[in-house]
Amino acid sequence: MSDADLASHLAEVTGRILLEVRASGLFSAKALGKAGDQTANQFVCHALREVRGEDGLLSEEEKDNPDRLAMSRVWIVDPVDGTREYGEARADWAVHVGLAIDGQPAIGAVALPGLEGGTLLRSDQPRPVPPAPDKLRMVISRTRPAAEAVAVAERLGAELVPMGSAGAKAMAIVLGKADIYLHSGGQYEWDSMAPVAVALGHGLHCSRIDGSPLIYNQADVYLPDLLICRKEHAGQILELIAEVTQVAD
């Protein structure tokens, strides 16, 4: 099985497992999130150790093994991105399975099991990205919208679209349900690696909010910010980010 096929298979099967756990009806919302995290993580990590045991592994739900830092190939996974949304039986959560090679987001698969019929997006099988509407749409956190994002949206005249998980937000751009994902509230590598690989595979712009590249498999897995958008909008958005950041300082 190729790396891309493996990432996609794991994301899809994990999504099905999570739906079964939720459908069991045995858990409260809070307990469901914990049960889903643990069940999904066990499956993904056991599977990767079985079939790609020579590679490194970084998962949100496991203690970090620093041995990965010496490895060229490192799988970076978020078994349930949007645990709160999953526990609340919302649709805006995701499963991330990605492979970083020499720090670059090389391969990614993002499953959106909560959408009707389920959706799987792969870095190696790009779909046409729908054209942007006249009034741009920016996805933001439904609970903690970043001030920079709100300020840039105001300058662009963009509509704000509250949404749950990072993966759901990023894939909204790929699916043409939104146009800009600007985040400055802090994330970790597993929050963005697979979605960024998928977005890049679909020809989108992905960077830090200062325009610098997103680098993965670092000793410090904290990634403060990112921008995902169509390439034709990137220059203007990066300029506006610099403006609003300077005003804030």
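To start, this report covers the structure provided alongside it.

### Brief notes about the packing of helix H1 (residues 3-23) against helix H2 (residues 29-51)
Their axes nearest at 10 Å, the elements H1 and H2 cross at an angle of 150°. Taken together, H1 and H2 sit at an angle that is classed as roughly antiparallel. Both H1 and H2 take part in a crossing whose hand is right-handed. Taking contact as the criterion, the partners of Leu 6, Leu 10, Val 13, Thr 14, Ile 17, Leu 18, Val 21 and Arg 22 in H1 are, on H2, Leu 32, Ala 35, Gly 36, Thr 39, Ala 40, Phe 43, Val 44, Ala 47, Leu 48 and Val 51. The residue inventory of the contact of H1 with H2, partitioned by class, reads 14 nonpolar, 3 polar and 1 charged.

### A look at the side chain of Asp 179
Inspection of the secondary structure puts Asp 179 in the loop between helix H5 (166-174) and strand S8 (180-183). A polar contact of 2.7 Å, which involves the side chain of Asp 179, links it to the backbone nitrogen of Arg 137. A polar contact is formed between the side chain of Asp 179 and the side chain of Arg 230, at a distance of 2.6 Å.

### Things to note about the sheet that holds strand S4 (residues 104-112)
Strand order in the open sheet made by the 5 strands is S1-S2-S3-S4-S5, with mixed pairing throughout. Strands at the two margins of the open sheet, each flanked by one partner only, are strand S1 (56-59) and strand S5 (119-122). Averaged over all pairs of adjacent strands, the angle between strand axes in this sheet comes to 15°, irrespective of strand direction. As paired strands, S4 and S5 are joined by 4 bridges and run antiparallel to one another. Looking across to S5, one finds that Ala 111 is bridged to Leu 120.

### Points about the pattern of salt bridges
Summed over the entire model, instances satisfying the criterion amount to 14 salt bridges. By sharing partners, the salt bridges in this structure join Asp 3, Arg 52, Asp 55 and Arg 73 into a single network.

### With respect to the nonpolar core
If you look at the biggest cluster of nonpolar residues, it comprises 35 residues, and the most contacted ones within it are Ile 76, Val 139, Met 171, Tyr 181, Tyr 216 and Ile 228. Of all the secondary structure elements, the ones that give two or more residues to this core are strand S2 (73-81), strand S3 (94-101), S4, strand S7 (159-163), H5, helix H6 (189-201) and strand S12 (226-229). In this view, Met 171 contacts Val 110, Leu 112, Leu 121, Pro 195 and Val 198; residues no more than four positions away in its chain are not counted.

### Topic: H1
Here H1 is 21 residues long and its end C-alpha atoms lie 30 Å apart, about the 30 Å a rise of 1.5 Å per residue gives. Turning to H1, its buried residues are Asp 3, Ala 4, Leu 6, Ala 7, Ser 8, Leu 10, Ala 11, Val 13, Thr 14, Gly 15, Leu 18 and Val 21. Gly 25, located one to two residues past H1, shows a positive phi value of around 70°.

So, how was this worked out
Residues numbered from 1 in each chain as written. Predicted model: local features only at pLDDT ≥ 70, side-chain atom pairs only at ≥ 80, totals over all residues. Heavy atoms only, no water. Axes fitted to C-alpha atoms, helices over the stretch in contact; angles between N-to-C directions. Helix = DSSP H or I, 4+ residues; strand = E, 2+ residues; numbered from the N terminus. Parallel < 35°, antiparallel > 145°, perpendicular 65-115°, else oblique. Left-handed = near helix turned anticlockwise from the far one by under 90°. Contact = heavy atoms within 4.5 Å. Nonpolar A, V, L, I, M, F, W, Y, C, P; charged D, E, K, R; others polar. Polar contact = N/O pair within 3.5 Å; in protein donor to acceptor, adjacent residues only side chain to side chain. Pairing = 2+ DSSP bridges. Salt bridge = Lys/Arg side-chain N within 4 Å of Asp/Glu carboxyl O. Core = buried A, V, L, I, M, F, W, Y, C linked by side-chain atoms within 4.5 Å. Buried < 20%, exposed > 50% of the residue type's maximum accessible area, 1.4 Å probe, protein only. Expected span 1.5 Å × (residues − 1).

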